[in-house]
Every structure is written in C-alpha cells, then in structure tokens.
Amino acid sequence: MRPATTHRLSDAAFAALATGGGGAAAVAELCAAQASKHRLLVRLAAEESGSAARAYEALAELEAAAPEEVGRCLRHPAVGAWALRACQGRADPGRLAAVALAAAVRAGVACRLEVPVPGGRLMLPSLGLLTLPPGGPDRLPATVEPVPAEPVSGEPVPGEPVRGGGGEVRVGRHTFLVRPGRDGPGWQGLRRVPFGPDAAMTIDDLDPYRWPGGDAAGRLSEGRVRHWSACLGQAWDVLQARHRGVAGEVATAVSALTPIVTSSLEQRSASARGAFGAVALSDPADGTGLALTLAHELQHAKLYALSDLVTLTAPDDGRRFYAPWRPDPRPLEGLLHGAYAHAGVAAFWRRHTADPERGRYAEVEFARWREAAYQVTGTLLDSGGLTEKGTHFVGTLRDTLARWRGEPVSPAAATQARLRAEEHRTAWTAARPSETG
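Remember, it's a predicted structure, so these values are computed and weren't measured experimentally.

Asker: Would you explain the overall build of the protein in this entry?
Answerer: Looking only at helices and strands, the protein features 13 helices and twelve strands. Taken over the C-alpha trace, the protein has a radius of gyration of 23 Å; the compact-globule value for 437 residues is 22 Å, and the two agree within 12%. A principal-axis box enclosing the C-alpha atoms of the protein has dimensions of 70 × 45 × 45 Å. A total of 437 residues make up the protein; the buried ones form 51% of that total. Expressed as a percentage of contacts within the protein between residues at least 6 apart in sequence, the contacts between residues at least 24 apart total 70%. Carbon and sulfur atoms make up 53% of the accessible area of the protein, which totals about 19,300 Å².

If you want it as structure tokens, here you go:
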C-alpha cells in the first residue's frame, strides 16, 4: 500500500489559518496530512497483529487497481478512530479486513478475507452494517464479488462513486447484496446527503467507532434523514451566500455527520481529535443553525489537524483558566481551541448583522464573541505556555479580533452582549467561592 507521506505545513497555509480562516487550499493541506496519519496508523496496527497482515496486503493490491476507493475508505473518520485505538491495544486490528472488504465493494473488485464478526455484526466502514443470524462464530471467511451497477433513478448524490455498483458479500454461509446508500435484507447502508453541487456527507449512525463519546445516537429514521438533508442543503445556501470561504473549507474537511443524543431542546455539537472529518451533532433545527454548527466545529477540526503538524502549546502544567463560553476551567490547549472556535462564531454572525430577521440577534452574538475571544487571546499570550509558533498564531488571531472590535454595533446590542458576558462571569465565580477568595 502507498506509504504515508511526511508533511510540512506551508508558511502560507499557517499564516492563513492563524487569521481565523484559512481557505480551502490551506485546509486541503491539513486533510492530506490527516490522510497520511490514517495510513500510518493502519500500517502500525497491521504490524502489531498477524491477523491484519493479509488484510493489509489485500488493501495494497486493491489500491493498485482502485486508489481512490481505497483512499476514500482510509480517510473515513471511523477508520482513523479505530486505527488509533488498535494501535493503543483497545481495538481489534483484525477489523482491517472489513476496511479491505469495503474498498473491494466500492471498487467493484473481488476479494476474500477472514473477518471478525463480533455479535454477528460486520461493519463495512464508510458503507454500512451487515447483520448475521445469531449464534455464529466470531470470525468467518468473507468474500466480495462485484455486481453490475443499476440504472440511477432521480438525481445522483454529488460525490457518489460510479466505479462499482456494489457487491455480493458472502460471510460464512450467508450471502448479502450490498449497494452503497441502500438497505436490503441483513444490510443497512449509510446514507449520504448532498452538500452543494459537488460534495456530500455521510450520516454515520452505525459504525461502532463513529464517535468516541458515550452519547452517540442510534439509526436515524428516513424522516429524520430527510430533515437533516433539507437542513444541510439550507446550510450550504447560507454558507455559499455569506461565507463562501467557510463553505469551501467545510466541503474539503467534513465528510461525516454523526448523530448524538441531547437532553435539551438546544442543538449540541462536538468534534474529536481522533475522528478528523466528522462532526457530531444532535438534530439540527434549521439551515442557519446547522451552518453555524459547521462553521464552529470546522475551527476545532482545523486546530486539531494543525496541532498534529505544529506544536502550539507547551505540555500541560496543571493550570486552568476562565473561559467565557464554558462552566468549567480549561487547560491552555482547551482555551486555545475555544478562542479559535469562537472567533469562527463571531466571524459567522459578523456577516448577518444587517439581516432583516436576525440582525439584532447577530449583532449581540458578534459583539459578545469577538470580545470574549479577544480577551482570551490576551490570557493565552500572557500565560507563558505558548511556543514560538503558538505565540505567532495567537497574536495573528488577536489582530483579526482587534479589527473586528472596531466595527460598530448598536448601543443596545453592545449593552446586551456586555451584560451576558458579566452574567456568565458572575455565575462562574459564584460556583467557585474557594477559588476566588
């Protein structure tokens, strides 16, 4: 299999990312580095286990014939998350066989491997889940035989592969017809939803490695998938109209949406270092809210990927700091993430202050989060915990925020933003009387 590549972020990309944005070209550099990281983790996992060696060889053979299909499987966020855990001894390296089978289905190429089927379930990463009758062994031989592509009815989903039509997958004595994006007997396919005219995102609601937290939601109903698809289409329209650079960055970096549960009416979202390319979120309310969520989580994803290439903070020394967006004190790295993400939130609302319906709300959000992120960049710079690169990065971000602080908002919006900030600080202080006096 093609080896991992050594990556160095270009000076131009680092400078662009430090402003709080970056652009699709800079984000593409980060994505290329993450793709190599996945390859390296997969190779290390294979070296640690003889059961994965044959699967690694099969992937190498598949890549010679179908490099894009293999690359797409390896870039899938849940594959990176599994490979990391396998290298840590917390996941079965033998799952690499399932990755190879998924690549074979995508490529329309025959393949035969032994795969683990814990609990009678075989996840083909990026494609879907096979469920076998109960009572069988935990490892079985599996084969893939290509099947012809079916005529496409309706509009094709952007970004869908056209090389193969799926595969007939035989696991032990059981045979399944696997077609990407479609369910069948014993088969649940991951759904893909369009994001603009040239991209799509996978709703990963099946892979056991799709999200490291304990709040991953189960399978979405078809009705909820339609709602997510509609909101994602609206989010594209919002981003393309007002935030074209962010739209390009999201289309480049985000490949999977992972449903999570929430106990409140507010939408929750999160990102994880070990699942680059995935955004975890609860049911979106509307397109604007989802656009904001993507803009926010994109910032975390960029910073996670950047931190794999450039050291921005010194090792954690145990100090914790006030964050104007959290109820809990944060370590320096977490504080940096919050400042970068909320600079992205401020940038989002900055473009909506003149909206007829949301203008007043946007003004308050812009005023609050530009000031909060600006104050935190000062804390970061004064902490002594940034590296030379980190100091340059935060200083550049602070310059961006300083320019935004000079942009006028209405007196009422400024007052409301200040009061909300004061309320947060007061509540935070009241919850820690032993720390404050």
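Next, the rest of the story.
Asker: Mind showing me how you'd approach the pairing of strand S9 (residues 200-203) here?
Answerer: Looking along a regular strand, one sees side chains alternate from face to face of the sheet. Of the two faces of S9, the one lined by Ala200 and Thr202 and the one lined by Met201 and Ile203 are each fully buried. Examined bridge by bridge, strand S8 (residues 191-194) and S9 share four bridges and lie antiparallel to one another. Bridge pairing in S9 links valine 193 to methionine 201. Between S8 and S9, which pair antiparallel in sequence order, lie five residues; one of them, glycine 196, sits at a positive phi of approximately 80°.

Asker: Would you mind showing me how to read the packing of aromatic side chains here?
Answerer: The tally for this structure, following the rule as stated, stands at eight aromatic pairs. Both rings, one in phenylalanine 348 and one in tryptophan 349, keep their centres 5.1 Å apart while their planes meet at 90°; by these two values the pair is edge-to-face. Grouping residues by exposure puts phenylalanine 348 and tryptophan 349 together as buried. Clustering of aromatic rings is evident, with ring pairs tying together Phe14, Tyr340 and Phe393. Against the face of phenylalanine 14 rests lysine 389, its NZ or CZ located 4.6 Å from the ring centre. One Lys or Arg, arginine 425, reaches over the ring of tyrosine 322 and ends 4.0 Å from the middle of that ring.

Asker: For this particular structure, what's the right way to read the packing of helix H11 (residues 359-382) against helix H12 (residues 388-405)?
Answerer: The description of two helices packed together rests on the angle between their axes and the distance between the axes. Where H11 meets H12, the axes come as close as 9 Å, and the angle between the chain directions of the two elements is 150°. Our classification of the angle between H11 and H12 gives roughly antiparallel. Crossing geometry of H11 relative to H12 is assigned as left-handed. In contact with Phe366, Arg370, Glu371, Ala373, Tyr374, Gln375, Thr377, Gly378, Leu380 and Leu381 of H11, H12 contributes Thr391, Val394, Gly395, Leu397, Arg398, Leu401, Ala402, Trp404 and Arg405. Counted by class, the contact of H11 with H12 contains ten nonpolar, five polar and four charged residues.

Asker: Just checking my understanding: could you explain the side chain of glutamate 365 for this structure?
Answerer: Along the chain, glutamate 365 falls in helix H11. A relative accessible area of 6% places glutamate 365 in the buried class. Sequence-distant contacts of glutamate 365, that is, excluding residues within four places in its chain, are made with Trp349 and Arg420.

Asker: So what exactly am I meant to see when it comes to the nonpolar core here?
Answerer: Core analysis: the biggest nonpolar cluster contains 74 residues, and Leu257, Leu306, Leu380 and Phe393 have the highest contact counts within it. With sequence-adjacent residues up to four places away left out, leucine 306 is seen in contact with Leu9, Phe14, Leu17, Leu30, Leu312 and Phe393. The next biggest cluster of nonpolar side chains, apart from the first, holds 49 residues, and it includes Ala55, Leu62, Cys73 and Leu113.

Asker: Honestly, the environment of arginine 170 in this entry has me stumped. Any pointers?
Answerer: Relative to the elements of secondary structure, arginine 170 occurs in strand S5 (residues 167-171). The class for arginine 170 is partly exposed, based on a relative accessible area of 38%. A sequence separation of 29 residues divides arginine 170 from proline 141, and the C-alpha atoms of the two residues are 8.1 Å apart. Excluding residues within four positions of it along the chain, arginine 170 makes contact with Pro141, Ala142, Thr143 and Thr175. Within polar-contact distance, the side chain of arginine 170 engages the side chain of threonine 175 at 2.9 Å.

Asker: Looking at this structure, how should I read helix H1 (residues 11-18)?
Answerer: In an α-helix there are 3.6 residues to a turn, and that puts residues three or four apart on one side. Those residues of H1 not exposed but buried are Ala13, Phe14, Leu17 and Ala18. Looking straight down H1, one finds its buried side chains confined to an arc of 130°; they lie on one side. When the buried face of H1 is taken as reference, the exposed residues oriented beyond 90 degrees from it are Asp11 and Ala12. If you follow the buried residues of H1, they end up packed against helix H2 (24-47), helix H9 (287-309), helix H10 (332-350) and H12. Note on H1: the residue one or two positions beyond its end, glycine 20, has a positive phi of about 110°.

Asker: Can you walk me through the sheet that holds strand S3 (residues 128-131) in this structure?
Answerer: Sheet strands associate in pairs through backbone hydrogen bonding, adopting either a parallel or an antiparallel arrangement. In space, the three strands of this open sheet follow the order S2-S3-S7, with antiparallel pairing throughout. Two strands in the sheet have a free side with no partner beyond their single neighbour: strand S2 (121-124) and strand S7 (187-189). Geometrically, the sheet is characterised by an average inter-axis angle of 15° between neighbouring strands, direction not taken into account. As defined by bridge partners, S3 adjoins S7 across three bridges and the pair is classed as antiparallel. When the bridges of S7 are listed, leucine 129 appears paired with glutamine 188.

Rules used throughout
Residues numbered from 1 in each chain as written. Predicted model: local features only at pLDDT ≥ 70, side-chain atom pairs only at ≥ 80, totals over all residues. Heavy atoms only, no water. Helix = DSSP H or I, 4+ residues; strand = E, 2+ residues; numbered from the N terminus. Rg over C-alpha atoms; globule rule 2.2 N^0.38 Å. Buried < 20%, exposed > 50% of the residue type's maximum accessible area, 1.4 Å probe, protein only. Contact = heavy atoms within 4.5 Å. Areas by Shrake-Rupley, 256 points an atom, 1.4 Å probe, with all protein chains shown as cover. Pairing = 2+ DSSP bridges. Phe/Tyr/Trp six-rings, centres within 6.5 Å; stacked < 30°, edge-to-face > 60°. Lys NZ or Arg CZ within 6 Å of the ring centre and 35° of its normal. Axes fitted to C-alpha atoms, helices over the stretch in contact; angles between N-to-C directions. Parallel < 35°, antiparallel > 145°, perpendicular 65-115°, else oblique. Left-handed = near helix turned anticlockwise from the far one by under 90°. Nonpolar A, V, L, I, M, F, W, Y, C, P; charged D, E, K, R; others polar. Core = buried A, V, L, I, M, F, W, Y, C linked by side-chain atoms within 4.5 Å. Polar contact = N/O pair within 3.5 Å; in protein donor to acceptor, adjacent residues only side chain to side chain. Arc of directions from axis to C-beta.

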